[in-house]
Amino acid sequence: MSDVTEQALKAAGAVLAAESARFASFGWMRGTSGNLSQVLSRDPLLLAVTASGHDKGELTENDVVLVDGEGRATGEGRPSAEAELHARVARLTGAGAVVHVHTVASVAMGHREPGGIVFRDLEMLKGVGQSAEGVEVTLPVIANSQDMKVLGDRLEAARDPRMPAVVVAGHGLYVWGADPRQARHHTEVVEWLLELTLTNR
């Protein structure tokens, strides 16, 4: 089904393990929570997704699973239960990598601002490609669901192309970028904005 080699999958696994360790060190992926993905092929859509049930601070290059455009494993291993949503985000946005972290600020602000979290006149907005002044950008908040199709439909309906992220209420933060490095930068910027807003309020 795929031209993705074992070597390419391991290379992606090494990148995702390093990114996971970084996020875990911030306390954003406690225990086995959270998951990351990287697109390895567009036609057909194939992603490397972190394996389910692993401590995200201790991943190795082998702790990833290759999944198809529907989030189904195409080989050995069990991917995160949210692999389907990662694939949906990649299809919908053209992203090359997706990050899902469980941060306190995202959950707290999702409860406080269920209609969306508004940011304006902040220098850090440049980190997601927006102007530092004169622009109002809303980070969407969507209701959680254990059904990834339902959650994907909610994300698709709510997302703002100017903001590469959504908050899932009571759950955490999904962020994406062109590649794992940009997805990391977007995640750190959006989390900073959330922490600032939470502190100010």
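Residues numbered from 1 in each chain as written. Predicted model: local features only at pLDDT ≥ 70, side-chain atom pairs only at ≥ 80, totals over all residues. Heavy atoms only, no water.

Close contact between helix α3 (residues 104-112) and helix α5 (residues 180-200) brings their axes to 9 Å; oriented N to C, the two are set at 55°. On the basis of their axis angle, the class for α3 and α5 is oblique. As α3 packs across α5, the resulting crossing turns out to be left-handed. Counted together, A105, S106, A108, M109 and R112 of α3 and E191, L194, E195, T197 and L198 of α5 form the full contact between these two elements. Here the contact of α3 with α5 is composed, by residue class, of 5 nonpolar, 2 polar and 3 charged. (Axes fitted to C-alpha atoms, helices over the stretch in contact; angles between N-to-C directions. Helix = DSSP H or I, 4+ residues; strand = E, 2+ residues; numbered from the N terminus. Parallel < 35°, antiparallel > 145°, perpendicular 65-115°, else oblique. Left-handed = near helix turned anticlockwise from the far one by under 90°. Contact = heavy atoms within 4.5 Å. Nonpolar A, V, L, I, M, F, W, Y, C, P; charged D, E, K, R; others polar.)

I117, F119, L139, M163, L173, V190 and L194 are the most contacted members of the largest nonpolar core, which has 35 residues in total. For this core, the element with the most residues is α5, which contributes 5 residues. Residues contacting I117, with those up to four places away along its chain left out, are M109, G110, V137, T138, L139, V141, V167, L194 and T197. Counting 12 residues, the second largest nonpolar core, distinct from the first, contains V89, L151, Y174 and W176. (Core = buried A, V, L, I, M, F, W, Y, C linked by side-chain atoms within 4.5 Å. Buried < 20%, exposed > 50% of the residue type's maximum accessible area, 1.4 Å probe, protein only.)

The geometry of helix α2 (residues 83-93) relative to helix α4 (residues 148-158) is characterised by a closest axis approach of 9 Å and an angle of 30° between their N-to-C directions. Relative to α4, α2 is oriented roughly parallel. At the point where α2 passes α4, the crossing takes the right-handed sense. Of the residues in α4, those in contact with E84, L85, R88, V89 and L92 of α2 are M148, K149, L151, G152, D153, L155 and E156. Within the contact of α2 with α4, the residues separate by chemical class into 6 nonpolar, 1 polar and 5 charged.

In this section: α3. Burial in α3 covers these residues: A105, S106, M109 and G110. Around the axis of α3, the buried residues are gathered within 130° of arc, so they sit on the same side. Counted as exposed and oriented over 90 degrees from the buried face of α3: V104 and H111. Where α3 is buried, its residues touch β5 (117-120), β7 (141-142), β8 (165-168), β9 (172-177) and α5. (Arc of directions from axis to C-beta.)

This brings us to the pairing of strand β3 (residues 64-67). Judged by which residues are buried, β3 turns out to be covered on both faces: V64 and L66 on one side and V65 and V67 on the other are all buried. Pairing of strand β2 (residues 45-50) with β3, which is carried by 4 bridges, proceeds in the antiparallel orientation. Residue pairing in the sheet places A48 in a bridge with L66 of β3. (Pairing = 2+ DSSP bridges.)

It is worth spelling out the pattern of salt bridges at this point. Inspection of every chain in the model, using the stated rule, returns 9 salt bridges. In this structure, E188 and R22 form a salt bridge, with 2.6 Å as the shortest nitrogen-oxygen distance. In this pair, E188 sits in helix α5 while R22 sits in helix α1 (residues 6-25), placing the two residues 166 residues apart along the sequence. Between D153 and K149 there is a salt bridge, and its shortest N-O distance comes to 3.3 Å. Here the residue D153 and the residue K149 both occupy positions in helix α4, the gap between them amounting to 4 residues, near one helical turn. Relative accessible area serves as the criterion here: at 34%, D153 is assigned to the partly exposed category. (Salt bridge = Lys/Arg side-chain N within 4 Å of Asp/Glu carboxyl O.)

In this fold, H100 is placed in strand β4 (residues 97-101). Within polar-contact distance, the side chain of H100 engages the side chain of H171 at 3.0 Å. Among residues more than four places away in sequence, those in contact with H100 are M29, G34, N35, L36, E82, H86, H171, G172, L173 and Y174. (Polar contact = N/O pair within 3.5 Å; in protein donor to acceptor, adjacent residues only side chain to side chain.)

Checked against the element boundaries, P180 lands in helix α5. Here P180 falls in the buried class, since its relative accessible area comes to 12%. Separated by 84 residues in the primary sequence, P180 and G96 place their C-alpha atoms 7.2 Å from one another. Once residues lying within four places of it in the same chain are set aside, the contact partners of P180 are V15, E19, Q38 and A97.

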